[in-house]
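Each chain, written out:
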Amino acid sequence: MPPTLASLVHHSALKLTVRAGEGRLETPVRWAHVSELADPVPYMEGGELLLVTAMTLNAEDPEAMRRYVKRLVGAGVVGLGFAVGVTYEDIPEALVTAAEEEGLPLLEVPRRTPFLAISKAVSAAIAADQYRSVTAGFEAQRELTRAALSGNGPGDLLARLAAHIDGWAALYDASGAVVAAAPDWAARRAGRLTADVERLRERPTPASAVVGGSEDRVELQSLGTGRRARGALAVGTGAPLGTAERYAVHSAIALLTLTTERSRSLQDAEQRLGAAILRMLLAGQPDHARGVAGDLYNGLLDAPFRILIAECADPAVLAELTDALESGASRAGEAVLAVPDGNRLVILAADEGAVVEAVATYAEVLEGRRGSSDDAPEADEVVIGQSAPAGPIATASAFKQAEQALSVARRRRRVLVEHDELAAGSVLPLLADDAVRAFADGMLRALHEHDAKGRGDLVESLRAWLSHHGQWDAAAADLGVHRHTLRYRMRRVEEILGRSLDDADVRMELWLALKATSTPTS
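The paragraphs below set out a description of the structure included in this document. Remember, it's a predicted structure, so these values are computed and weren't measured experimentally. (Residues numbered from 1 in each chain as written. Predicted model: local features only at pLDDT ≥ 70, side-chain atom pairs only at ≥ 80, totals over all residues. Heavy atoms only, no water.)

Comments concerning the overall build of the protein chain
Assigned secondary structure in the protein chain consists of 18 helices and 15 strands. Taking 2.2 N^0.38 as the reference for a compact globule, 522 residues should give roughly 24 Å; the C-alpha atoms of the protein chain span a radius of gyration of 40 Å, well beyond that estimate. Taking all 522 residues of the protein chain together, 44% fall into the buried category. Relative to all contacts within the protein chain whose residues are 6 or more apart in sequence, the contacts with residues 24 or more apart total 61%. Summed over all atoms, the accessible surface of the protein chain reaches about 26200 Å², with 52% contributed by carbon and sulfur. (Helix = DSSP H or I, 4+ residues; strand = E, 2+ residues; numbered from the N terminus. Rg over C-alpha atoms; globule rule 2.2 N^0.38 Å. Buried < 20%, exposed > 50% of the residue type's maximum accessible area, 1.4 Å probe, protein only. Contact = heavy atoms within 4.5 Å. Areas by Shrake-Rupley, 256 points an atom, 1.4 Å probe, with all protein chains shown as cover.)

Following this line, the structure appears as structure tokens:
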């Protein structure tokens, strides 16, 4: 604790007497300063014990003393030491009354106590407090370092930090989610600061912020040495941090940053290993892939998984997505294999796991921001294709499914498309493609030109005939013409197109062309 007016009053060598302001003696003293100016306020910083002999003061004038004391209090002066036996044999009543009215502690300094002795006492007490703070800070640093090296995760370090600052501490990952907190109840408090942490993460590192509230005072500190924060530390206390507590927090930041950067290096190595494992799986070598993976991917290759391919022109967006998915997998205790590939991110994740669920939630949020499915994703938004569940032996097939789903996602202007949707849905929405429409228009152009000249209704006749599977009577009845008329029209279709309707492939192409030209654009 820094020196207080009370500690100076109790200092046996100083012999100080309290004449006013007894209720404020626990106020800390930042320095002792001597000034005989009639107005010393311009030279005050706040927190000083002002020492005077009143050589230039009219200390017996009540109004002058009220103005003098009021200005001292306004400047943050915490106490006034008045030397008796120099200019005045006793402290004038006008000054005592003014000090009592303003609540300013007024100390009587006996003639035998030089101001230098008071200054030395304050200086010695401040130095001793700083030494205690530095010593406590070094001890906290040693304890926190031992906790960081214990291998028990960040929880042990946070618990010791919380004890040192007499408050709570929480660690956030790169996605802004709470990773650990101490004590346990602090996790809920830390969870309410997600928005503040998100704003902090948007600033270049290092960054900090103070969040005030009715419950406590919270300081947020970013972690990491790169442009993007790798995490954040929150500490909550009932009052501003002291010197020793500040040392402890700075030590925790340094240790957590080292741990985070080391984890990032390990993650980079894991990504390179993951890329090799993925190549083995795609090459049809699941046994070799399992051998290389070992225990690193925690049984990911022993259960059904899905392959997801995320594509985005902005690498920073893909990096944030990677952080979010890896953080979600870590919290759920499941493995995930994420391999960057240019403007793509290839993900191998457990079927029905936390990562697959996180991707679905991410897509819903982006779709909600766009507001309308008619709006194409922005250039910095992610487009994702997801395969059906598969095993290691079918990785190549699953990868192809994910690519197909990704292609459809682009065409349909969707953030996420699952391959299951393509298998369960109709093929008709796929026809709403410019290339397919161009093919259909070219195939049917001659028939449309024939009909436009008023020489028959070949297009609708063809549509009716195909929809009734080549049944003449049913198709003719649907058109309201004789079956011989319909037969004549189909012969004309064959003549104009130069293709036989007896060929099943021709009938299929014509039917798809008709459906494509009747399918509205999305």
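Here's the deal with the packing of aromatic side chains
Taken as a whole and judged by the stated rule, the model has 2 aromatic pairs. Here Phe82 and Tyr88 contribute two aromatic rings whose centre-to-centre distance is 6.2 Å and whose plane-to-plane angle is 45°, an arrangement assigned as tilted. The burial state of Phe82 is the same as that of Tyr88; both residues are buried. (Phe/Tyr/Trp six-rings, centres within 6.5 Å; stacked < 30°, edge-to-face > 60°.)

A few points about the sheet that holds strand S6 (residues 168-172)
Taken in spatial order, the 5 strands line up as S7-S6-S10-S9-S8 in an open sheet, and their pairing is antiparallel. Of all the strands in the sheet, the pair left with one neighbour each is strand S7 (178-182) and strand S8 (208-212). Put simply, the sheet's adjacent strands are angled 15° from each other on average, direction ignored. As paired elements, S6 and strand S10 (residues 231-237) share 5 bridges and run antiparallel to each other. Looking across to S10, one finds that Leu171 is bridged to Leu233. Contacting S6, S8, strand S9 (217-223) and S10, helix H7 (residues 194-201) crosses the sheet at an angle of about 40° to S9. (Pairing = 2+ DSSP bridges. Axes fitted to C-alpha atoms, helices over the stretch in contact; angles between N-to-C directions.)

A word on a negative patch on the surface
Together, Glu22, Glu93, Glu100 and Glu101 line one region of the surface with negative charge. Assignment of secondary structure puts Glu100 in helix H3 (residues 93-102). Assessed through its relative accessible area of 49%, Glu100 is described here as partly exposed. (Patch = residues over 30% accessible without salt bridge, like charges linked within 9 Å, V, L, I, M, F, W, Y side chains within 5 Å. Salt bridge = Lys/Arg side-chain N within 4 Å of Asp/Glu carboxyl O. Lys, Arg positive; Asp, Glu negative; His and termini not counted. Charge placed at Lys NZ, Arg CZ, Asp CG, Glu CD.)

Section: the packing of helix H4 (residues 115-149) against helix H5 (residues 154-165)
It is the contact of H4 with H5, at a shortest axis distance of 8 Å, that shows an interaxial angle of 160°. Classified by the interaxial angle, the pair formed by H4 and H5 is roughly antiparallel. In this structure, the crossing between H4 and H5 has a hand that is right-handed. Contacts from Ala140, Glu143, Leu144, Arg146, Ala147 and Ala148 in H4 reach Asp156, Leu157, Arg160, Leu161 and His164 in H5. Of the residues that constitute the contact of H4 with H5, the class distribution is 6 nonpolar, 1 polar and 4 charged. (Parallel < 35°, antiparallel > 145°, perpendicular 65-115°, else oblique. Left-handed = near helix turned anticlockwise from the far one by under 90°. Nonpolar A, V, L, I, M, F, W, Y, C, P; charged D, E, K, R; others polar.)

Comments concerning the pairing of strand S11 (residues 305-311)
In terms of burial, S11 is largely enclosed, as 7 of its 7 residues are buried. Of the two faces of S11, both are covered, the one formed by Phe305, Ile307, Ile309 and Glu311 as well as the one formed by Arg306, Leu308 and Ala310. The pairing of S11 with strand S13 (residues 344-350) spans 7 bridges and is antiparallel. Each residue of the ladder has a partner; that of Ala310, found in S13, is Leu345.

Thoughts on the environment of Ala402
Inspection of the secondary structure assignment puts Ala402 in helix H12 (residues 395-412). Take Ala402: its relative accessible area is 0%, and that puts it in the buried class. As a C-alpha pair, Ala402 and Ile307 span 95 residues in sequence and 6.3 Å in three-dimensional space. If sequence neighbours within four positions are ignored, Ala402 has contacts with Ile307, Ile309, Gly385, Gln386 and Ser387.

Considerations on the sheet that holds S11
Within a sheet, neighbouring strands are paired by backbone hydrogen bonds and run either parallel or antiparallel to one another. Reading across the sheet, the 5 strands line up as S12-S13-S11-S14-S15 and stay open at both edges, with mixed pairing between neighbours. Sheet topology places strand S12 (336-341) and strand S15 (416-418) at the edges, where each strand pairs with a single neighbour. Taking each pair of neighbouring strands and ignoring which way they run, the sheet shows an average axis angle of 15°. Here 6 bridges tie S12 to S13, and the two strands are oriented antiparallel to one another. Directly across from Asp341, in S13, lies its bridge partner Arg344. Each of S11, S12 and S13 is contacted by helix H10 (residues 315-332), which is oriented at about 10° to S13, the strand it contacts most. H12 contacts S11, S13, strand S14 (383-386) and S15 of the sheet and is inclined by roughly 40° relative to S11.

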